Amino acid sequence: MKIADLVEIIEGEIVCCPEKAQEPVRDFAASDLLSDILTFEKDHYALMTGLTNAQIIRTAEITNACCVVILRGKQPQQAAVQLAQSHQIPLILSPLSMFEACSRLGRRQGQEEASARE
Amino acid sequence: MKLAAVIDRLELCPFAVEDREIEVTGAYCGDLLSDVLAHVEAGALWFTIQNHLNIVAVGQLKDVACIVIVNDVAPDPQTVSKAQALGVNLCGSSRGSAELCMELARLPEFSP
Amino acid sequence: MGAFNERQIRFVHELMYQIKVGEAMTTEVVTFPPTAVFREIQRCMKEKRFSGTPIVDCGELVGIVSIDDIITAFDQGYIDEPVHTRMTRDLHTIPQNYSVIAASNLFAKYRCGRLPVVARANSRELVGILTFGDILSHLLLKMNTIAERIEKEEQSLHKTLQGASDTLHFELAPDNFDLAGMASTSTKKHLQKLGVEPAVIRRIAVICYEAEINVIIHSLGGYMEVFILKDQVRVHVRDDGPGIPDVEKAMHPGYTTANEKIRALGFGAGMGLSNIKRCADHFSIKSSMETGTDIEAVVYFDPSSAATEKENQA
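Residues numbered from 1 in each chain as written. Chains lettered and ligands numbered in written order. Predicted model: local features only at pLDDT ≥ 70, side-chain atom pairs only at ≥ 80, totals over all residues. Heavy atoms only, no water.

### Some words on the packing of helix α5 (residues 98-117) of chain A against helix α5 (residues 97-106) of chain B
As a packed pair, α5 of chain A and α5 of chain B sit with axes 7 Å apart at the nearest point and diverge in direction by 60°. On the basis of the axis angle, α5 of chain A is oblique to α5 of chain B. Our pair here, α5 of chain A against α5 of chain B, has a crossing hand that is right-handed. Residues Phe99, Cys102, Ser103, Leu105, Gly106, Arg107, Gln109, Gly110 and Glu113 of chain A of α5 of chain A touch α5 of chain B, and the partners they reach there are Ala98, Cys101, Met102, Leu104, Ala105 and Arg106 of chain B. When grouped by side-chain class, the residues that make up the contact of α5 of chain A with α5 of chain B number eight nonpolar, four polar and three charged. (Axes fitted to C-alpha atoms, helices over the stretch in contact; angles between N-to-C directions. Helix = DSSP H or I, 4+ residues; strand = E, 2+ residues; numbered from the N terminus. Parallel < 35°, antiparallel > 145°, perpendicular 65-115°, else oblique. Left-handed = near helix turned anticlockwise from the far one by under 90°. Contact = heavy atoms within 4.5 Å. Nonpolar A, V, L, I, M, F, W, Y, C, P; charged D, E, K, R; others polar.)

### Some details on helix α4 (residues 77-86) of chain B
Residue and element names in this part refer to chain B. Within the sequence span of α4, burial applies to Thr79, Val80 and Ala83. Looking straight down α4, one finds its buried side chains confined to an arc of 100°; they lie on one side. In this structure, α4 carries Pro77 and Ala85 as exposed residues pointing more than 90 degrees from its buried face. Looking at the buried residues of α4, the elements they touch are β1 (13-16), α3 (54-61) and β5 (90-92). Glycine 87 sits one or two positions beyond α4 and adopts a positive phi of about 70°. (Buried < 20%, exposed > 50% of the residue type's maximum accessible area, 1.4 Å probe, protein only. Arc of directions from axis to C-beta.)

### Remarks on the packing of helix α7 (residues 182-193) of chain C against helix α8 (residues 198-218) of chain C
Residues and elements named next belong to chain C. Look at α7 against α8: their axes get within 8 Å of each other, and the N-to-C directions meet at 160°. Viewed along their axes, α7 and α8 adopt a mutual orientation that is roughly antiparallel. Two packed elements cross with a definite hand, and for α7 against α8 that hand is right-handed. Contacts from Met182, Ala183, Ser184, Thr187, Lys188, Leu191 and Gln192 in α7 reach Ile201, Ile204, Ala205, Cys208, Tyr209 and Glu212 in α8.

### Some details on the domain arrangement of chain C
For chain C, the assigned domains are domain 1 (2-139) and domain 2 (165-313). On a C-alpha basis, the centroid separation for the pair domain 1 of chain C and domain 2 of chain C is 63 Å. (Domains from an automatic or database assignment.)

### So, α5 of chain B
Most of α5 of chain B sits inside the fold, with seven of its 10 residues counted as buried. Listed as buried for α5 of chain B are Ser97, Ala98, Leu100, Cys101, Met102, Leu104 and Ala105 of chain B. Looking at the packing, one finds that the buried side of α5 of chain B touches β2 (27-30) and α5 of chain A together with α1 (3-9), β2 (26-29) and β3 (44-48) of chain B.

### Some points on the confidence of the model for chain A
Confidence along chain A averages 94 in pLDDT terms, with 100% of residues attaining 70 or more. At the low end of the mean pLDDT range in chain A sits helix α2 (residues 34-38) of chain A, at 91; at the high end sits strand β4 (residues 67-70) of chain A, at 98. (pLDDT = per-residue confidence, 0-100.)

### Some details on the interface of chain B and chain A
Often the size quoted for an interface is simply the accessible area lost on bringing the parts together. Taken together, the 19 residues of chain B in the interface contact 21 residues of chain A. Summing the contributions of chain B and of chain A, the shared interface buries around 1700 Å²; its carbon and sulfur component is 64%. When the area that chain B buries against chain A is broken down by residue, the three leading residues are Leu32, Met102 and Arg106 of chain B, summing to 34%. Summed over the shared surface of chain B and chain A, the result is two salt bridges. Between arginine 72 of chain A and aspartate 35 of chain B there is a salt bridge whose closest N-O contact spans 3.3 Å. Counting across the interface, chain B meets chain A through seven residue pairs in polar contact (both at pLDDT 80 or more). (Buried area = accessible area lost by both parts, 1.4 Å probe. Salt bridge = Lys/Arg side-chain N within 4 Å of Asp/Glu carboxyl O. Polar contact = N/O pair within 3.5 Å; in protein donor to acceptor, adjacent residues only side chain to side chain.)

### Digging into the interface of chain A and chain C
Contacts between chain A and chain C engage 22 residues on the former and 25 residues on the latter. Here chain A packs against chain C, burying approximately 1900 Å² in sum over the two surfaces, 50% of which is carbon and sulfur. Contact with chain C buries area across many residues of chain A, yet Gln55, Arg58 and Ile62 of chain A alone supply 33% of it, more than any other trio. Put simply, chain A and chain C have three salt bridges between them. A salt bridge links arginine 202 of chain C to aspartate 43 of chain A; the nearest nitrogen and oxygen atoms lie 2.5 Å apart. At the surface where chain A touches chain C, the tally comes to 15 residue pairs in polar contact (both at pLDDT 80 or more).

### Things to note about the environment of glutamate 41 of chain A
Mapped onto the elements, glutamate 41 of chain A comes out in the loop between α2 and β3 (45-49). Judged by its relative accessible area of 64%, glutamate 41 of chain A is exposed. Sequence separation of glutamate 41 of chain A and aspartate 5 of chain A is 36 residues, and the distance between their C-alpha atoms is 23 Å. Beyond its immediate chain neighbours, meaning those up to four positions away, glutamate 41 of chain A contacts Arg202 and Arg278 of chain C. A distance of 3.3 Å separates a polar atom in the side chain of glutamate 41 of chain A from a polar atom in the side chain of arginine 278 of chain C.

### Some thoughts on the pairing of strand β8 (residues 232-239) of chain C
Residues and elements named next belong to chain C. Extensive coverage of β8 is indicated by the burial of seven of its eight residues. Both β8 and strand β10 (residues 292-300) contribute to a ladder of seven bridges, which runs antiparallel. Within the sheet, the bridge partner assigned to valine 235 lies in β10 and is alanine 297. (Pairing = 2+ DSSP bridges.)

### Remarks on unusual backbone geometry
Despite not being glycine, glutamate 11 of chain A has its phi angle at roughly 50°, a positive value. Looking at where glutamate 11 of chain A falls in the secondary structure, it is placed in the loop between α1 (3-9) and β1 (13-16). Judged by relative accessible area, glutamate 11 of chain A falls into the partly exposed class, the value being 47%. Here the phi dihedral of aspartate 63 of chain B falls at roughly 55°; this positive angle occurs in a residue that is not glycine. As for its position among the elements, aspartate 63 of chain B is in the loop between α3 and β4 (66-69).

### Considering the layout of surface pockets
Volume-wise, the largest pocket comes out at about 680 Å³. Lining the largest pocket are 31 residues, with Thr39 and Phe40 of chain A together with Asn71, Arg95 and Gly96 of chain B positioned closest to its centre. Those elements that provide at least two residues to the lining of the largest pocket are β2 and α2 of chain A, α5 of chain B together with α11 (272-279) of chain C. Considering each element in turn, the lining of the largest pocket owes the most residues, six residues, to α5 of chain B. Of the residues that constitute the lining of the largest pocket, the class distribution is 12 nonpolar, eight polar and 11 charged. (1 Å grid on protein atoms, 1.4 Å probe; cavity = no way out; pocket = protein on both sides within 12 Å on 5 of 7 lines; lining within 4 Å. Points joined across faces, edges and corners; volume = space filled by probe spheres on them.)

### Examining the environment of valine 56 of chain C
Residue and element names in this part refer to chain C. Along the chain, valine 56 turns up in strand β1 (residues 52-57). In this structure the C-alpha to C-alpha distance between valine 56 and valine 12, which are 44 residues apart in sequence, comes to 35 Å. Those residues in contact with valine 56 that lie beyond four places of it in its chain are Thr31, Phe32, Pro33, Pro34, Leu61, Val62 and Leu126.

### Overview of the pairing of β3 of chain A
All names here are of chain A. With five of five residues buried, β3 is to be regarded as a mostly interior element. Side chains of β3 alternate between two faces, with Tyr45, Leu47 and Thr49 and Ala46 and Met48 buried alike. Note: β2 against β3, four bridges, orientation parallel. By the bridge assignment, alanine 30 is partnered in β3 with methionine 48. Here β3 pairs with β4 via four bridges, running parallel. Bridge assignment links threonine 49 to a residue of β4, and that residue is isoleucine 70. Handedness of the crossover joining β3 and β4 through helix α3 (residues 55-62): right-handed. (Right-handed = clockwise from strand over helix to strand, strands pointing away.)

Rendered as structure tokens:
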């Protein structure tokens, strides 16, 4: 899955670094607690959260996330957008709840796996 | 879909499960209690990283079907005893919220 | 970018205050006596390519003749007359001990391109001449010297670090949420430059970040030091208190003293210390209610020495 696909699936809007939309997303982590995300061990993952402050970008940078998704229709704080820009981390806004976003991604992954088997 | 089936399919670890036959009608994922209080619906499976006492109160208040503590976080002993006392279903999982939500959505019984 | 430009401008502005007129002026000045005729000066100007000259009588500045004065002389037909009757006597001068910012202000005020420089205030003793070009070239020279000095300093610092092991030091201010994570990001970048393996860098970065957040949320401030040795990285974090009452309890995942405001920011889940321990090959914590908290975490570059260390610790 590419970042562009993710944006489409979760009805998102990419507000920073749209030039990176063709990069791959290898995994997903969803949490409203940064310490929880800091325990995640995969690289190139989409960090999905309801938090809006600049520390989500720091956490993404430290854990090698490929993009950050702010859920529940929330708006990022200005500092978060600036930091995303300076670290070149795509920032995506989505109106969906965390579960709804994950479940759509899960179903899409299921479809992709099914078509790969055929 | 019944809670017993969800526990089975997602390989959840029951900490305090009073009613296995309760119908799971939806799901919510969130770690900020104020957000969960505002948005979780009755009958939902609630995934969270939080393990302290207050999650039981939120679970009872909103009539969630079951609280699932994710990422191998052990519940506080007080949390388990309060869940038992109040009849709030409480489980755990070694997996993360995103993974569990994605898998739940792929269960045929859970598809809309 | 905007902030950077502003900083540069402020730097130039400060330099303008520091540089004295005497440093920037041209001292080899062509002067003429009051008896010289306009045509003579005009020829000299054409030959030596300047556009104004002071008129000096017995070592004292008495006037100035500019290209405008020459043109007027041609126009009015007195080009072959001596200058003393027609030259500009109402002179604006600048003492050599003034800063060039004062000169720059005078250029703007009198709309002139050059100022005769005198030995001191209220003196008529000519010591040089200053144009805007003189100021600019001296400014560039000065900036160049400063840049060279900084480069040299950086090089010598780099040599010291190469000789010993590499050490990073960061001051951590309490309650400064916006800056939280800067030290960890810099550490990560530094280790990337050194070519450390990405998985090792990630563990160190998480340790630094959690420790940094802890200091910012819970303490009165402190510092973080990162020692980069041949086979390991040691992260040492020290804060000035108030100390952890029950360290064993604090190590337990989910134990927290953070308030709702901090939780709404995504912190204070009580996972910080256990997260640091999980990422480290060796971890130790000491806390005192009098002096504050000390944390040390070690990560080895080579997984086999890490395994030995973990066994020893267990």
